[in-house]
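Spelled out, the chains give:
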Amino acid sequence: MDGSKVNNQSVTEEMLTEQGYRKYLGEDLDIYYNKDVCVHIGNCVRGNPNVFEVGRRPWIIADNGSIEEDIQVINTCPSGALKYIRKDGK
Ligand code: SF4
């Protein structure tokens, strides 16, 4: 699943906030998470436990991975609970 899109549309902060996503700030990429959409499959924590660690506060730290690593893991989320917005203009 492409974590930068919803219904083939590029996501915006407004769109995600409206849908109940919470923002986890990063330097060049923000990660968004919606607990009501998550199906707890765990691809994220298995994919990169430095970025996604249940039990830590905040449980998502975007800057613990590279932009490419973060995107790769986010795109393995089967439910769409994880989204991202790049801020590096790419
Ligand atoms: S990969 Fe997506 S659906 Fe699975 S636990 Fe992580 S956020 Fe939830």
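Being a predicted model, the structure only gives us computed values, none of them experimental. (Residues numbered from 1 in each chain as written. Predicted model: local features only at pLDDT ≥ 70, side-chain atom pairs only at ≥ 80, totals over all residues. Heavy atoms only, no water.)

Description of the pattern of salt bridges
Here is step 1 of the chain: Applying the stated criterion across every chain yields a total of six salt bridges.
Here is step 2 of the chain: The closest approach of N and O atoms between Glu13 and Lys23, which form a salt bridge, is 3.2 Å. In this pair, Glu13 sits in helix H1 (residues 13–18) while Lys23 sits in strand E3 (residues 22–24), placing the two residues 10 residues apart along the sequence.
Here is step 3 of the chain: The partly exposed category is assigned to Glu13, whose relative accessible area is 35%.
Here is step 4 of the chain: The shortest N-O distance in the salt bridge between Asp88 and Arg86 comes to 2.9 Å.
Here is step 5 of the chain: Taking relative accessible area as the criterion, Arg86 reaches 27% and is therefore assigned partly exposed.
Here is step 6 of the chain: Bridged by salt links that share partners, the residues Glu13, Lys23, Asp30 and Lys87 form one connected network. (Salt bridge = Lys/Arg side-chain N within 4 Å of Asp/Glu carboxyl O. Helix = DSSP H or I, 4+ residues; strand = E, 2+ residues; numbered from the N terminus. Buried < 20%, exposed > 50% of the residue type's maximum accessible area, 1.4 Å probe, protein only.)

A look at the UniProt feature "domain: Divergent 4Fe-4S mono-cluster" (unreviewed entry) in the protein
Here is step 1 of the chain: Per the UniProt annotation, the sites labelled "domain: Divergent 4Fe-4S mono-cluster" (unreviewed entry) are residues 24–87.
Here is step 2 of the chain: Here residues 24–87 runs as 20% helix and 17% strand, with 13 Å between its end C-alpha atoms. (UniProt positions renumbered as here; feature names shortened; annotations may be inferred.)

Observations concerning the environment of Cys38
Here is step 1 of the chain: The residue Cys38 is located in the loop between strand E4 (29–33) and helix H2 (43–47) in this model.
Here is step 2 of the chain: Each C-alpha atom of the pair Cys38 and Cys77 lies 8.6 Å from the other, and the pair is 39 residues apart in sequence.
Here is step 3 of the chain: Not counting residues within four places of it along the chain, the set of residues in contact with Cys38 comprises Tyr33, Ser79 and Ala81. (Contact = heavy atoms within 4.5 Å.)

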